[in-house]
Structures are given as structure tokens and as C-alpha cells.
Amino acid sequence: MNKVSLNNQLNNARYNYNYFFMKMIIKLLQISLKLSFVLLFSSLFNYTIINIIAIISSIISIISIYDVITNYKPLIDDIGNTLNIEKLSFEIDLNVISNNLFKGFFYS
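Now for a quick tour of the structure. Being a predicted model, the structure only gives us computed values, none of them experimental.

The subject of this paragraph is the overall build of the protein. What the protein contains, in helices and strands, is three helices and zero strands. Sequence-ordered secondary structure for the protein, helices as α and strands as β, is α-α-α. Contacts spanning at least 24 positions in sequence make up 81% of the contacts within the protein whose residues lie at least 6 apart.

See the structure below:
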């Protein structure tokens, strides 16, 4: 068996593990930022309708966070189990976070 091919496959799998983990973190941060803006707006203007919108937005955000975790966790666990990677060993690429975190917030 070609050892170079096996090493390339392992490197690709490690990259995919980090990629899916980073995508999950980015989506969770985006949801959290949107929720924080809504709650900040709600705290600035203390009107009943804005508070109701903030409560509804909070419930939707909690459901979205749960959906993101349930969608990405099996992928991350499967790749981690295949590679025998410890559950907390990952690399955080700050460039990926900075490029994708505010995607959709600002329109140019």
C-alpha cells in the first residue's frame, strides 16, 4: 500500500475535521451576535412590541443553535473517531473566523 496516499488521506481528513468544527463555531457566533443585537435594541427601547419580538427572536436563536449543533456534531464525531483524534484537539483558524463571521451582516 502506498504510504504517501494514506498520509494524504489522513491530512485531508484532519483538514475536514477542522473545517467542520470551524464552520460550527462560525455559525454559532453568527447566531449569538444576531441575538445580542436584538437584545441590545430591546434594552434600549423598552416597548412591549419590541420586547415580544426579542423574546420570539431568542426562542428562534436557541432553536437555531440546537439545530447547528445537532447537524455538525455527528460529522465531527465521525471524522474524530476515524482518525482517533481526541475530542478537544482542533485548530482554530482566525482568518476563517474573521472572513466568515460578519458575512451577511454588512452589505456593500
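So much for the structure itself; the text now carries on.
So, about the environment of Leu10. Mapped onto the fold, Leu10 is located in helix α1 (residues 3-44). Residue classification places Leu10 among the partly exposed positions, given a relative accessible area of 30%. Along the primary structure Leu10 and Thr82 are separated by 72 residues, whereas in three dimensions their C-alpha atoms are 9.5 Å apart.

Across soluble globular proteins, you tend to see nonpolar side chains buried next to one another. Counting eleven residues, the largest nonpolar core consists of Tyr17, Phe21, Met24, Ile25, Leu28, Ile31, Val68, Tyr72, Ile76, Ile79 and Leu83. For this core, the secondary-structure elements that each account for two or more residues are α1 and α2 (48-83). At six residues, the largest contribution of residues to this core is made by α1.

The end-to-end C-alpha separation of α2 is 52 Å, in line with the 52 Å expected for 36 residues at 1.5 Å each. For α2, the principal kink sits at Tyr72 and spans about 30°; a proline, Pro74, occurs within the next four residues. Residues Ile50, Ala54, Ser57, Ser58, Ser61, Val68, Tyr72, Ile76, Ile79, Gly80 and Leu83 constitute the buried set of α2. On the buried face of α2, the contacting elements are α1. Following α2 by one or two positions, Asn84 has its phi on the positive side, about 55°.

A word on a nonpolar patch on the surface. Among the surface-exposed residues, Phe37, Leu40, Phe41, Leu44, Phe45, Tyr47, Ile49 and Ile53 lie close enough to one another that they form a single nonpolar patch of about 860 Å² accessible area. Looking at the nonpolar patch, the elements that each hand over two or more residues are α1 and α2. Per-element tally for the nonpolar patch: the top contributor is α1, with four residues. Relative to the helices and strands, Leu44 resides in helix α1. Using a relative accessible area of 60% as the deciding quantity, one classes Leu44 as exposed.

With that settled, the discussion passes to the packing of α1 against α2. Where α1 meets α2, the closest approach of the two axes is 10 Å, and the angle between their N-to-C directions is 170°. With respect to each other, α1 and α2 are oriented roughly antiparallel.

About the thresholds
Residues numbered from 1 in each chain as written. Predicted model: local features only at pLDDT ≥ 70, side-chain atom pairs only at ≥ 80, totals over all residues. Heavy atoms only, no water. Helix = DSSP H or I, 4+ residues; strand = E, 2+ residues; numbered from the N terminus. Contact = heavy atoms within 4.5 Å. Buried < 20%, exposed > 50% of the residue type's maximum accessible area, 1.4 Å probe, protein only. Core = buried A, V, L, I, M, F, W, Y, C linked by side-chain atoms within 4.5 Å. Expected span 1.5 Å × (residues − 1). Bend = angle between axes of the 7 residues up to and from the residue. Patch = residues over 30% accessible without salt bridge, like charges linked within 9 Å, V, L, I, M, F, W, Y side chains within 5 Å. Areas by Shrake-Rupley, 256 points an atom, 1.4 Å probe, with all protein chains shown as cover. Salt bridge = Lys/Arg side-chain N within 4 Å of Asp/Glu carboxyl O. Axes fitted to C-alpha atoms, helices over the stretch in contact; angles between N-to-C directions. Parallel < 35°, antiparallel > 145°, perpendicular 65-115°, else oblique.

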